[in-house]
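# Coordinates in review
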Amino acid sequence: MADNVPKIRFPGFTEPWEQRKFKDLVFKSGKKNKKNLPYESFSITNESGFVSQNEQFENGGTMKDADKSMYIIVSPNSFAYNPARINVGSIGYQALGKNVIVSSLYEVFKTSHEVDDHFLWYWFKSDHFKRLVESLQEGGVRLYFYFDKLQKGELWLPPIEEQRKIGGYFKSVDNLITLHQRKLDDLKKLKSGLLQKMFPKAGETVPEVRFPEFTGDWEQRKLGNLFFQTNETVNPKTSNLSLWSLTVESGLTPKPERYDRSAITKKEDQYKMVHPGEIVFNPMNMTIGAIGMNKNSFPIAVSGYYITMKESSSNNKTIDPCFFSEWMCSPNALKLYKNVATGSLIEKQRVQFSTFSKIRAMFPKYEEQKKIGQVFDALDDLITLHQRKSVTIKKLKSGLLRKMILTVESTLTDVFLPLFTIDWEQRKLGELAEIVSGGTPATSNPEYWDGTINWYTPAEISEARYVYGSQKKITEVGLNNSSAKILPKDRTILFTSRAGIGKTAILKNDASTNQGFQSIVVKNNIDPEFVYSMSTQIKEKAERVAAGSTFSEISGKQLGKIILMIPGIKEQQRIGELFSIIDNLITLHQRKLFIISYIK
């Protein structure tokens with residue numbers, strides 16, 4: 001196959017693609033809003049492109065009533081991007097059918113008649129454009145990619161008709177992804193609503209929504225009379241049971257097949273067996289929904305720290321496990337856990353089985369439970385189906401973008417040259433960063449802190465790359481008589497050290513953490529983004545140390561002893577930048593999945 005045609009091509013197109021310079025294909029089109037016309041203000045995000053500031057900020061944000069004469073007018077069919085954030089995909093295409101305005105910081109341009117805008121849009125969303133940005137951006141701490149740099153870039157361009165065919169095809173793929181996303185969102189909203197309405201609210205004896213064949217009040221039952229704790233232990237080194245973990249986002253999920261059982265130490269040998277239909281919860285994260293049921297037809301093994309339980313009277317048909325596992329995640333149940341949870345002032349979320357068993361709640365008769373459980377089972381199956389379809393289509397799109405659009409080889413060379421030839425060296429994490437343990441706030445100081453100080457819990461950092469402090473005031477928290485430390489922004493990687501071990505995020509403002517964290521404060525001669533890119537490796541090594549311990553917890557001393565392979569600072573920065581680009585391309589679809597599962 002010739003070098004100047006893609007691997008996959010629509011039938012009927014045989015002409016070779018032509019290597020063209022951007023300076024011949026695009027031109028600046030934005031004009032200043034000198035008359036201060038009342039156009040709607042927009043921002044550009046890497047997830048959604050053009051986003052109205054009325055939607056992005058409450059009441060339009062601080063710029064709603066500001067002087068807009070310095071803003072840039074963006075007419076329909078224009079591209080715009082932020083030169084300081086283009087490396088994370090902050091570019092948009094204006095297809096709103098009206099003039100809008102953006103900050104004067106943005107670069108705004110249009111294309112010549114030789115370019116199909118849809119084709120170019122998908123080229124901008126491909127790896128090819130990211131490599132171009134990587135090779136031409138400039139600056140120190142913050143890198144920029146101005147319009148003059150774009151003009152220096154090159155791309156392979158097919159004839160205009162082929163461009164339109166490719167652009168139209170990927171647009172139809174995006175429409176299909178959007179369709180599945182909407183269906184998925186609708187199903188998630190339906191389930192969230194039913195969790196609210198198919199279980200009685202506090203103080204009530206019947207739910208708001210009910211099958212017509214069932215009448216009569218639900219009965220108050222003590223949970224300890226319905227379930228009992230199981231403690232059937234297994235040795236993960238010798239057992240052939242699959243090892244599973246428990247998260248708020250996904251419930252019970254299998255550990256990777258590459259998980260090294262032989263690395264588990266003797267004190268971690270005791271795992272628990274979970275038979276089909278049995279329920280598991282994490283006592284540390286019970287109040288935010290770290291709950292799951294083994295829906296497999298085979299037994300599995302989980303950390304000995306988790307609480308495992310089964311129904312007390314299975315022969316008498318008093319409790320349906322599917323119904324009960326859904327009830328455990330309902331808003332009313334989460335409130336009940338919070339009422340009895342123990343722990344520190346900030347991290348009050350621990351629920352052991354002895355506490356859980358004393359809770360009283362309202363339950364219907366077995367037949368009604370079974371029918372409710374079947375409804376949620378069906379919803380979960382549909383949600384999983386649409387989730388898998390969406391992931392499959394996105395993988396297809398990603399693969400086709402690589403095979404249907406040519407790469408400019410000279411640009412690839414610019415990205416990776418000069419080559420790094422110095423060997424990587426073995427270093428302990430404690431040599432690269434200070435490990436700071438989370439603290440306990442003083443309760444004697446009622447001062448109000450605003451904005452820059454916050455207390456994080458493992459659930460709050462989610463799977464986000466960056467986290468910011470709350471802008472609301474936090475009461476009854478002070479540093480006087482406190483073991484807490486203020487952590488510096490941009491150089492601190494929050495690392496959960498308990499229960500759901502290994503969630504990470506980079507801190508974007510000064511803050512403090514609770515005792516669920518060992519924060520990694522990266523030293524000045526090490527690139528924080530590079531260390532963050534090694535989060536998965538750090539997590540896996542930390543899990544081997546912490547799995548099965550009393551609190552499934554890793555200490556700062558243990559974390560500091562983890563050994564990593566480290567290149568020179570320049571190579572660290574290049575790798576950190578690359579992974580920053582990849583991580584910021586996590587789709588809106590994936591984030592919505594987490595949010596919905598979190599509030600479920």
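What counts, and at which threshold
- Residues numbered from 1 in each chain as written.
- Predicted model: local features only at pLDDT ≥ 70, side-chain atom pairs only at ≥ 80, totals over all residues.
- Heavy atoms only, no water.
- Helix = DSSP H or I, 4+ residues; strand = E, 2+ residues; numbered from the N terminus.
- Buried < 20%, exposed > 50% of the residue type's maximum accessible area, 1.4 Å probe, protein only.
- Contact = heavy atoms within 4.5 Å.
- Areas by Shrake-Rupley, 256 points an atom, 1.4 Å probe, with all protein chains shown as cover.
- Arc of directions from axis to C-beta.
- Pairing = 2+ DSSP bridges.
- Polar contact = N/O pair within 3.5 Å; in protein donor to acceptor, adjacent residues only side chain to side chain.
- Core = buried A, V, L, I, M, F, W, Y, C linked by side-chain atoms within 4.5 Å.
- pLDDT = per-residue confidence, 0-100.
- Phe/Tyr/Trp six-rings, centres within 6.5 Å; stacked < 30°, edge-to-face > 60°.
- Lys, Arg positive; Asp, Glu negative; His and termini not counted.
- Salt bridge = Lys/Arg side-chain N within 4 Å of Asp/Glu carboxyl O.

The next point concerns the overall build of the protein chain. A tally of regular secondary structure across the protein chain gives 18 helices and 35 strands. For the protein chain, the proportion of its 600 residues judged to be buried stands at 51%. Pairs at least 24 apart in sequence give 77% of the contacts found in the protein chain among residues at least 6 apart. As presented, the protein chain carries roughly 29400 Å² of accessible surface, and 51% of it is formed by carbon and sulfur atoms.

This part covers the environment of His-386. With respect to the helices and strands, the residue His-386 is situated in helix H10 (residues 366-404). Residue class for His-386 comes out buried when judged on its relative accessible area of 10%. When the C-alpha positions of His-386 and Gln-181 are compared, they lie 7.7 Å apart, and in sequence the two are 205 residues distant. Those residues in contact with His-386 that lie beyond four places of it in its chain are His-180, Lys-183, Leu-184 and Leu-187.

Here we come to helix H8 (residues 331-340). Within the span of H8, buried status applies to Pro-331, Ala-333, Leu-334 and Tyr-337. Buried residues in H8, looked at end-on, bunch into an arc of 160°, giving them a common side. In H8, the exposed positions that point more than 90 degrees away from the buried face belong to Lys-335 and Asn-339. Against the buried residues of H8 lie helix H5 (160-197), strand S21 (291-293), helix H7 (321-328) and helix H9 (353-356).

Positive phi is not limited to glycine here, since Asn-36 has a value of about 55°. Looking at the secondary structure, you find Asn-36 in the loop between strand S3 (31-32) and strand S4 (42-45). Note on Asn-36: relative accessible area 37%, which makes it partly exposed. Here Asp-490, not a glycine, exhibits a phi torsion of approximately 70°, which is positive. Here Asp-490 is to be found in the loop between strand S30 (466-467) and strand S31 (492-495).

Moving on to the sheet that holds strand S9 (residues 100-102). Spatially, S3-S6-S9 is the arrangement adopted by the 3 strands of the open sheet, whose pairing is antiparallel. Only two strands of the sheet have a single partner each, and these edge strands are S3 and S9. In terms of strand pairing, strand S6 (residues 72-74) meets S9 through 3 bridges, oriented antiparallel. For Ile-72, the partnering residue across the bridge sits in S9 and is Val-102.

What follows deals with the sheet that holds strand S28 (residues 433-437). Reading across the sheet, the 5 strands line up as S28-S34-S31-S32-S30 and stay open at both edges, with mixed pairing between neighbours. The strands lining the two open edges of the sheet, one partner per strand, are S28 and S30.

Attention now moves to the side chain of Gln-94. Tracing the backbone through its elements, the reader meets Gln-94 in strand S8 (residues 91-94). Take Gln-94: its relative accessible area is 0%, and that puts it in the buried class. Here the side chain of Gln-94 touches Val-74 through a polar contact of 3.0 Å, landing on its backbone oxygen. From its side chain, Gln-94 meets the backbone oxygen of Lys-98 in a polar contact 2.7 Å long. Discounting chain neighbours no more than four positions away, the residues touching Gln-94 are Phe-50, Val-74, Ser-75, Pro-76, Asn-77, Ser-78, Asn-99 and Val-100.

So, on to the nonpolar core. If you look at the biggest cluster of nonpolar residues, it comprises 39 residues, and the most contacted ones within it are Met-309, Phe-324, Trp-327, Met-328, Tyr-337 and Phe-356. Examining the composition of this core, we find that 5 residues originate from one element, H7, more than from any other. Apart from the residues lying within four places of it in its own chain, the contact partners of Trp-327 are Phe-199, Leu-223, Ala-333, Leu-336, Tyr-337, Ala-361 and Phe-363.

Turning our attention to H7. Here H7 lies mainly inside the structure; 8 of its 8 residues are buried. Every buried residue belonging to H7 is among Pro-321, Cys-322, Phe-323, Phe-324, Ser-325, Glu-326, Trp-327 and Met-328, and all of these are buried.

This paragraph deals with the confidence of the model for the protein chain. Here the protein chain shows a mean pLDDT of 78. Residues at 70 or above account for 77%. Taken as a whole, residues 407-419 scores under 50 in pLDDT and shows 19 contacts with residues more than four places along the chain or in a different chain. Taken together, the stretch residues 470-481 has pLDDT below 50 and engages in 41 contacts with residues farther than four places along the chain or on a different chain.

Moving on: the pairing of strand S34 (residues 518-522). Burial analysis of S34 places 5 of its 5 residues in the buried class, the great majority of the element. Burial of S34 is two-sided: the residues Gln-518, Ile-520 and Val-522 facing one way and the residues Ser-519 and Val-521 facing the other way are all buried. In terms of strand pairing, S28 meets S34 through 5 bridges, oriented antiparallel. By the bridge assignment for S34, Ala-433 is matched with Val-522. Bridge count for S31 against S34 is 2 bridges, and the pairing is antiparallel. Counted as the bridge partner of Thr-492 is Val-521 from S34.

Another aspect to go through is the packing of aromatic side chains. Under the defined criterion, the tally for this structure stands at 32 aromatic pairs. Relative to Tyr-93, the ring of Phe-79 lies with its centre 4.7 Å away and its plane at 50°, an arrangement referred to as tilted. Of the two residues, Phe-79 is situated in strand S7 (residues 78-81) and Tyr-93 in strand S8; the sequence distance between them amounts to 14 residues. In this structure Phe-79 comes out as buried when scored by relative accessible area, which is 0%. What makes Tyr-93 buried here is its relative accessible area of 18%. Ring centres of Phe-323 and Phe-363 lie 6.1 Å apart, and the angle between their planes is 70°; on these two criteria the pair is classed as edge-to-face. With a gap of 40 residues between them, Phe-323 in helix H7 and Phe-363 in strand S26 (residues 360-363) connect regions that are remote in the sequence.

This part takes up the side chain of Glu-278. Structurally, the position occupied by Glu-278 is in the loop between strand S19 (271-274) and strand S20 (279-281). Although Glu-278 is buried, it forms no salt bridge, and the closest oppositely charged side chain is Lys-310 at an N-O distance of 4.1 Å. A polar atom in the side chain of Glu-278 sits 3.0 Å from the backbone nitrogen of His-275. Excluding residues that lie within four positions of it along the chain, Glu-278 makes contacts with Thr-230, Met-273, Gly-292, Met-293, Asn-294, Met-309 and Lys-310.

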